Amino acid sequence: MATLVLAIVCLCCALSGNGIGAELEAARSRSITTSREQPYRTSYHFQSPRNWLNGLMYYKGFYHLFYQYNPHSTLFSDGMVWAHSVSYDLVNWVHLNHALEPSEPFDITSCWSGSATILPGNRPVILYTGIDANYRQVQNLAIPKNESDPFLQEWVKFSQNPIIVPPEGIEPDNFRDPTTAWQGPDGKWRIIVGSWKDDKGMAILYQSDDFFNWSKSEHPLFTSSKTGMWECLDFFPVSMDSMNGVDTSTLNPSTRHVMKASFNSHDYYVLGTYDLELERFLPDDDPKGASLDLRLDYGKYYASKSFFDSAKNRRILFGWVNESDSTEDDIAKGWSGLQVIGLRTKFNLFCRHFPREIWLDRSGKQLIQQPVEEIKTLRDKNVGVKSLELDNGSTYEVSDITASQVNVEVAFELPKLEDAELMDPNWLDPQILCSEKNASVRGKYGPFGLLALATEDLREQTAIFFRVFRGHNKYIVLMCSDQSRSSLRNEIDKTTYGAFLDIDPQVEKISLRTLIDHSIIESFGGEGKVCITSRVYPVLAIDEAARLYTFNYGTLSVRVERLDAWSMRKARIGHGETLSYGESLALQCENLSFCGSEEGQSCGGLPLHCEESASAI
């Protein structure tokens, strides 16, 4: 920890020593101005300064996020680069210079997605898909120019790139996104690359003794029919007896494996067993892209990537949230996409969700997701409610908080479950069911939940809600996110999303945690068993005009056992369109509050012990 503090102190000192500290007021002013001009731009979800948001890693005290970026346009096109940002806490981010840019015959058209791996000896390496001069998708390797630089600002491309080219029988434009590598007991490294052939999505397996020379295995690690092209694959182990994450190379009887693939606009995953002798992944189920398949998120979410955080023994997940408005709107805004706390064709419009920690549910049947604990550092004013009765048709405003920028947690109790309406056996697709029984359709138990980014008269609202049905020997809980009234604008996507929530309301409270950040709404139902992310663009319910309500439109009463809401402070990410690299660093330096502290002495000078670290900036 002392080393990390020193590194951040030196960062602050170096900034001041270079005269950047004086830019803080200008940077803050620009950030405030941009917020007013762009009410949909997020405040604590990662978003690039312009345009929109590959690999992830933790290295020498800093988290590194590499992401696709178009320096010339808000839209996806040739010339994509690997942009690079770093953070000490997964909340506040500093934008650095680009890590990879098109420059050689093997990536001259574009640098597309890939991954990062930490080799023995704490040596980072990047694998990425390059689009060569013939528009083939080839796999390339890059290493840091200076491994002693904790910011990893310069990368060198391997002189023998490409290290992998499309194999015989695979179309050259269906071969991309190498995963983080794992090492088997035999010492060999392995990766998979996404592809598609004969109506089958596939994870093509490659092996290497030295990480530079790769050979294709006899058969794919896993294939599945009728799924489309597999993009942005992820393959990793999860512990069966702990919430802790495990290293990607871990393989023992107490772990299961997760295979995740992005296709058909969603991120699907399956749990199963990795058979090293057969070199095959043996899934519990076969993903078909159907409505009941497991997904990491049932809303606007795509091209996710996870990594093992060795600092805190956890697995962290990042994913993309694409836009809901038009291409013309993205051009007008000057950005598209956020990080929720990928990539091509229509998926060129993104933001990231807030970083999530993921682990295996105790049942062993699915993954659990929750925002990383660092999000609590942004909590500000708190409002709490306990034992609130919500009668038929009632709403309750959660006041005295910043409703456009809030974290809310609520738990519901249902006193008379035996009176729940019967489940029709034909109701098989939860998204269709949520659309047909949206927030305006009253049942017995439900809809009840939250009305986010709502106007006072409820003309605009995004409803995150539950319904409970009585089935054969069990109760069925449906979770929905209804965007049909999210905006008075008609030209935007207002799809309603939904999923069945695997909980027993007889013994468990129905919980909901929602992160609201101007135009993004992330909801976690059942302590993270179901996640639904929405992207909305209200016309009236923006900034101070936004309201937050808990509601019950069902005919049976519901009790709010507890509700807590926190206004959220703004993360330091460098939101201003013209925010310079120095200003972005200065904003994070100010947020750390180390300048002028005992650790950093004073920002007025550059102590001798800072010179080596500062020289890397």
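Thresholds applied
Residues numbered from 1 in each chain as written. Predicted model: local features only at pLDDT ≥ 70, side-chain atom pairs only at ≥ 80, totals over all residues. Heavy atoms only, no water. 1 Å grid on protein atoms, 1.4 Å probe; cavity = no way out; pocket = protein on both sides within 12 Å on 5 of 7 lines; lining within 4 Å. Points joined across faces, edges and corners; volume = space filled by probe spheres on them. Helix = DSSP H or I, 4+ residues; strand = E, 2+ residues; numbered from the N terminus. Nonpolar A, V, L, I, M, F, W, Y, C, P; charged D, E, K, R; others polar. Disulfide = S-S within 2.5 Å. Buried < 20%, exposed > 50% of the residue type's maximum accessible area, 1.4 Å probe, protein only. Salt bridge = Lys/Arg side-chain N within 4 Å of Asp/Glu carboxyl O. Pairing = 2+ DSSP bridges. Core = buried A, V, L, I, M, F, W, Y, C linked by side-chain atoms within 4.5 Å. Contact = heavy atoms within 4.5 Å. Phe/Tyr/Trp six-rings, centres within 6.5 Å; stacked < 30°, edge-to-face > 60°. Lys NZ or Arg CZ within 6 Å of the ring centre and 35° of its normal. Axes fitted to C-alpha atoms, helices over the stretch in contact; angles between N-to-C directions. Polar contact = N/O pair within 3.5 Å; in protein donor to acceptor, adjacent residues only side chain to side chain.

Draft legend 1. Region of interest: the layout of surface pockets. Counted as a void, the largest pocket has a volume near 880 Å³. Considering the residues around the largest pocket, the lining is formed by 33 residues, among which Leu292, Leu294, Lys474, Phe500 and Asp502 are closest to the centre. Looking at the lining of the largest pocket, the elements with two or more residues in it are strand 17 (266-275), strand 31 (475-482) and strand 32 (497-501). Here the residues of the lining of the largest pocket are counted per class, giving 20 nonpolar, five polar and eight charged.

Draft legend 2. Inspection of the state of the cysteines at higher detail. Across all of its chains, the model carries one disulfide by this definition. Between the sulfur atoms of Cys434 and its disulfide partner Cys480 the distance amounts to 2.0 Å. Where Cys434 bonds to Cys480 through sulfur, the torsion about that S-S bond is close to -75 degrees, and the disulfide is left-handed. Of the two residues, Cys434 sits in helix 4 (residues 430-436) while Cys480 sits in strand 31, which places them 46 residues apart along the sequence. Neither residue differs from the other here; Cys434 and Cys480 are each classed as buried.

Draft legend 3. How the structure looks around the pattern of salt bridges. Counted according to the given criterion, the structure contains 25 salt bridges. The closest approach of N and O atoms between Lys157 and Asp107, which form a salt bridge, is 2.6 Å. With a gap of 50 residues between them, Lys157 in strand 8 (residues 155-157) and Asp107 in the loop between strand 4 (94-100) and strand 5 (110-119) connect regions that are remote in the sequence. A single burial state applies to Lys157 and to Asp107, both of which are buried. Put simply, Arg547 and Glu397 hold a salt bridge, and the shortest N to O gap is 3.4 Å. In this pair, Arg547 sits in strand 36 (residues 547-552) while Glu397 sits in strand 26 (residues 394-397), placing the two residues 150 residues apart along the sequence. What makes Arg547 partly exposed here is its relative accessible area of 23%. Relative accessible area serves as the criterion here: at 32%, Glu397 is assigned to the partly exposed category.

Draft legend 4. The arrangement of the pairing of strand 12 (residues 200-208) in detail. Counting buried positions along strand 12 gives eight out of nine residues, so the element sits mostly inside the fold. Relative to strand 12, strand 11 (residues 189-197) runs antiparallel, the two sharing nine bridges. Bridge pairing in strand 12 links Ile191 to Tyr206. Between strand 11 and strand 12, which pair antiparallel one after the other, the connecting turn spans two residues, and Asp198 there sits at a positive phi close to 50 degrees.

Draft legend 5. Up close: the nonpolar core. Membership of the largest hydrophobic core comes to 44 residues, with the highest contact counts inside it found for Phe466 and Val468. With residues near it in sequence (within four places) discarded, Phe466 still touches Phe412, Tyr445, Gly446, Pro447, Phe448, Val477, Leu478, Met479, Leu501, Ile510, Ser511 and Leu512. Judged by nonpolar contacts, the second largest core, of 29 residues, contains Trp93, Ala303, Trp320 and Leu515.

Draft legend 6. Expanded view of the packing of aromatic side chains. Across all of its chains, the model carries 27 aromatic pairs by this definition. By the ring-pair criterion, three or more aromatic residues cluster together here, those being Trp182, Phe222, Trp230, Phe235, Phe263, Tyr268, Tyr274 and Phe281. Geometry around Trp566 places Arg379 over its ring, the cationic atom sitting 3.6 Å from the centre.

Draft legend 7. The pairing of strand 33 (residues 510-517), seen in detail. For strand 33, a buried count of eight out of eight residues is recorded, marking the element as mostly surrounded by other parts of the structure. A two-sided burial pattern is seen for strand 33, the buried positions comprising Ile510, Leu512, Thr514 and Ile516 on one face and Ser511, Arg513, Leu515 and Asp517 on the other. The sheet contact formed by strand 27 (residues 405-413) and strand 33 spans eight bridges and is antiparallel. Residue pairing for strand 33: Ala411 is matched across the bridge by Ser511. Across six bridges, the pairing between strand 33 and strand 34 (residues 520-525) is antiparallel. Counted as the bridge partner of Thr514 is Ser523 from strand 34. Joining the antiparallel neighbours strand 33 and strand 34 is a turn of two residues, in which His518 adopts a positive phi near 65 degrees.

Draft legend 8. Highlighting the sheet that holds strand 3 (residues 81-87). Reading across from one edge, 1-2-3-4 is the order of the four strands in this open sheet, with antiparallel pairing throughout. Bordering the open sheet on either side are strand 1 (56-59) and strand 4, each of which pairs with just one other strand. Within this sheet the neighbouring strands show an average axis-to-axis angle of 30 degrees, counted without direction. Taken together, the seven bridges between strand 2 (residues 62-69) and strand 3 define a ladder with antiparallel strand orientation. The partner of Tyr69 across the bridge, within strand 3, is Val81.

Draft legend 9. Representation of the sheet that holds strand 17 in the model. Read from one edge of the open sheet, four strands run 15-16-17-18, paired in antiparallel fashion. The open sheet has two edge strands, strand 15 (231-239) and strand 18 (280-283), and neither has a second partner. For this sheet the average axis-to-axis angle between neighbouring strands, irrespective of direction, equals 40 degrees. With seven bridges joining them, strand 16 (residues 255-263) and strand 17 adopt antiparallel strand pairing. When the sheet's bridge partners are listed, Ala261 is paired in strand 17 with Tyr268.

Draft legend 10. Summary view of the side chain of Gln68. With respect to the element layout, Gln68 can be found in strand 2. The exposure class assigned to Gln68 is buried, which follows from its relative accessible area of 0%. Polar side-chain contacts of Gln68 include one of 3.4 Å to the side chain of Ser113.

Draft legend 11. Spotlight on empty space enclosed by the protein. Here the second largest cavity is characterised by a volume of approximately 60 Å³. Taken together, Trp182, Gln183, Gly184, Pro185, Phe235, Thr248, Ser249, Thr250, Leu251, His257 and Tyr274 make up the lining of the second largest cavity. A per-class count over the lining of the second largest cavity returns five nonpolar, six polar and no charged.

So yeah, pure geometry; function would need other evidence.
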